[in-house]
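Coordinate analysis (summary)
Each chain, written out:
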Amino acid sequence: MPGRPPGDPAAALRDARAGALRRLGGLTGHVDDLVAASAGSNADDEHDPEGATIAFERSQLGALVRRERAQLAEIDAAEARLTAGRYGWCEVCGRPIARERLDVRPTARTCVACAGHASRGAVAGRLRR
Ligand SMILES: [Zn+2]
């Protein structure tokens, strides 16, 4: 992030929001194109190879759009924490989150140690299923 002084979470969140909105705008523009393309082609997904491709691309895009929307929700939550004076404190153990982690991931809710526990738990959960 050129031009941004280190340790400015409000600016980092603005940058993150601008990036997510830019990606979302590009994605939803693309989704609209695909919807128009499939509406015009009278596509049958099972027999029309192009229709199947459009359906596949649409589902891939849907996942990307959901990811960007989730990111925006995280940014909203982080800005709310900033306003409330709770930004930068781990929601699990209550200790401060390292500055370097917030620089990389301004929406972080937990410190590195707690995030590590959480993601190891998620991996274990997936393996059990
Ligand atoms: Zn923690």
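Residues numbered from 1 in each chain as written. Predicted model: local features only at pLDDT ≥ 70, side-chain atom pairs only at ≥ 80, totals over all residues. Heavy atoms only, no water.

1. So, the UniProt feature "domain: Zinc finger DksA/TraR C4-type" (unreviewed entry) in the protein chain
- Per the UniProt record, the feature "domain: Zinc finger DksA/TraR C4-type" (unreviewed entry) sits at residues 85-116.
- Across residues 85-116, helical content stands at 34% and strand content at 0%; the span's end C-alpha atoms are separated by 25 Å. (UniProt positions renumbered as here; feature names shortened; annotations may be inferred. Helix = DSSP H or I, 4+ residues; strand = E, 2+ residues; numbered from the N terminus.)

2. Structural notes on the coordination of the zinc ion
- Distances from the zinc ion to its protein donors, C90 (SG), C93 (SG), C111 (SG) and C114 (SG), fall at 2.2 to 2.3 Å.
- Taken together, the four donor atoms coordinating the zinc ion span angles of 104 to 118 degrees at the metal, a pattern that classifies the geometry as tetrahedral.
- In the primary structure, the donors to the zinc ion are separated according to the pattern C-x2-C-x17-C-x2-C. Taken together, the positions of C93 in the loop between α2 (49-84) and α3 (99-104) and C111 in the loop between α3 and α4 (112-128) put the pair 18 residues apart, joining distant regions of the chain.
- In this structure C93 comes out as partly exposed when scored by relative accessible area, which is 32%.
- Classification of C111 as buried rests on a relative accessible area of 10%. (Donors = N, O, S within 2.8 Å, 3.2 Å for Na, K, Ca; no water. Tetrahedral: all angles 85-135°; square planar, octahedral: opposite > 155°, others 65-115°. Buried < 20%, exposed > 50% of the residue type's maximum accessible area, 1.4 Å probe, protein only.)

3. Quick look at the pattern of salt bridges
- Here the structure, examined in full by the defined rule, presents six salt bridges.
- Where D76 meets R17, a salt bridge forms, and the shortest distance between an N and an O atom there is 2.8 Å. Here the residue D76 occupies a position in helix α2, and R17 occupies one in helix α1 (residues 9-41), the gap between them amounting to 59 residues.
- By relative accessible area, D76 is classed as partly exposed at 41%.
- The structure contains a network of salt bridges with shared partners spanning E74, R81, E91 and R109. (Salt bridge = Lys/Arg side-chain N within 4 Å of Asp/Glu carboxyl O.)

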